[in-house]
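Tertiary structure, described
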Amino acid sequence: MGKKTTGTPPAKQEFIFQRKNYLFMFIGIALIALGFILMSGGGSEDPNVFNPEIYNFRRIRLAPTLVLLGLALEVYAILLNPHKNKH
């Protein structure tokens, strides 16, 4: 005997994430990258000379905050359900 077909087309395969998820993911990646870029530098040409620039606001407060915000945005983008309708 042959296989029976119901006449319905196969289910359309959907991606796990939608456009909105990817948008938030790319913004989060950009924030993380910007944070690491802002952390870089501050070294000294001569290893015997201390450069206090390594402890400035940009490297100690701003850059790590941007990295943490980017990571939080990544978590939000993964957990975001774009199929949820608002009533």
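Residues numbered from 1 in each chain as written. Predicted model: local features only at pLDDT ≥ 70, side-chain atom pairs only at ≥ 80, totals over all residues. Heavy atoms only, no water.

Overview of helix α1 (residues 19–39)
- With 21 residues, α1 should cover 30 Å at 1.5 Å per step; its first-to-last C-alpha distance of 30 Å lies within 8% of that length.
- Of the positions making up α1, those classed as buried are N21, M25, G28, I32, G35 and L38. Taken down its axis, α1 places every buried residue within 155 degrees of arc, on the same side. Turned more than 90 degrees from where α1 packs its buried face, R19, F26 and I37 sit exposed.
- Buried residues along α1 sit in contact with α2 (57–79).
- Remark: G41 follows α1 within two positions and exhibits a positive phi of approximately 85 degrees. (Helix = DSSP H or I, 4+ residues; strand = E, 2+ residues; numbered from the N terminus. Expected span 1.5 Å × (residues − 1). Buried < 20%, exposed > 50% of the residue type's maximum accessible area, 1.4 Å probe, protein only. Arc of directions from axis to C-beta. Contact = heavy atoms within 4.5 Å.)

Observations regarding α2
- A rise of 1.5 Å per residue sets the reference length of α2, with its 23 residues, at 33 Å; its end C-alpha atoms lie 32 Å apart and thus fit the reference within 8%.
- When the local axis directions of α2 are compared, the greatest deviation, roughly 25 degrees, occurs at A63, which is followed within four positions by the proline P64.
- Looking at the packing, one finds that the buried side of α2 touches α1. (Bend = angle between axes of the 7 residues up to and from the residue.)

A word on a nonpolar patch on the surface
- A cluster of nonpolar side chains, contributed by F50, I54, Y55 and I60, occupies part of the molecular surface with about 440 Å² of accessible area.
- Tracing the chain through its elements places I60 in helix α2.
- Assessed through its relative accessible area of 42%, I60 is described here as partly exposed. (Patch = residues over 30% accessible without salt bridge, like charges linked within 9 Å, V, L, I, M, F, W, Y side chains within 5 Å. Areas by Shrake-Rupley, 256 points an atom, 1.4 Å probe, with all protein chains shown as cover. Salt bridge = Lys/Arg side-chain N within 4 Å of Asp/Glu carboxyl O.)

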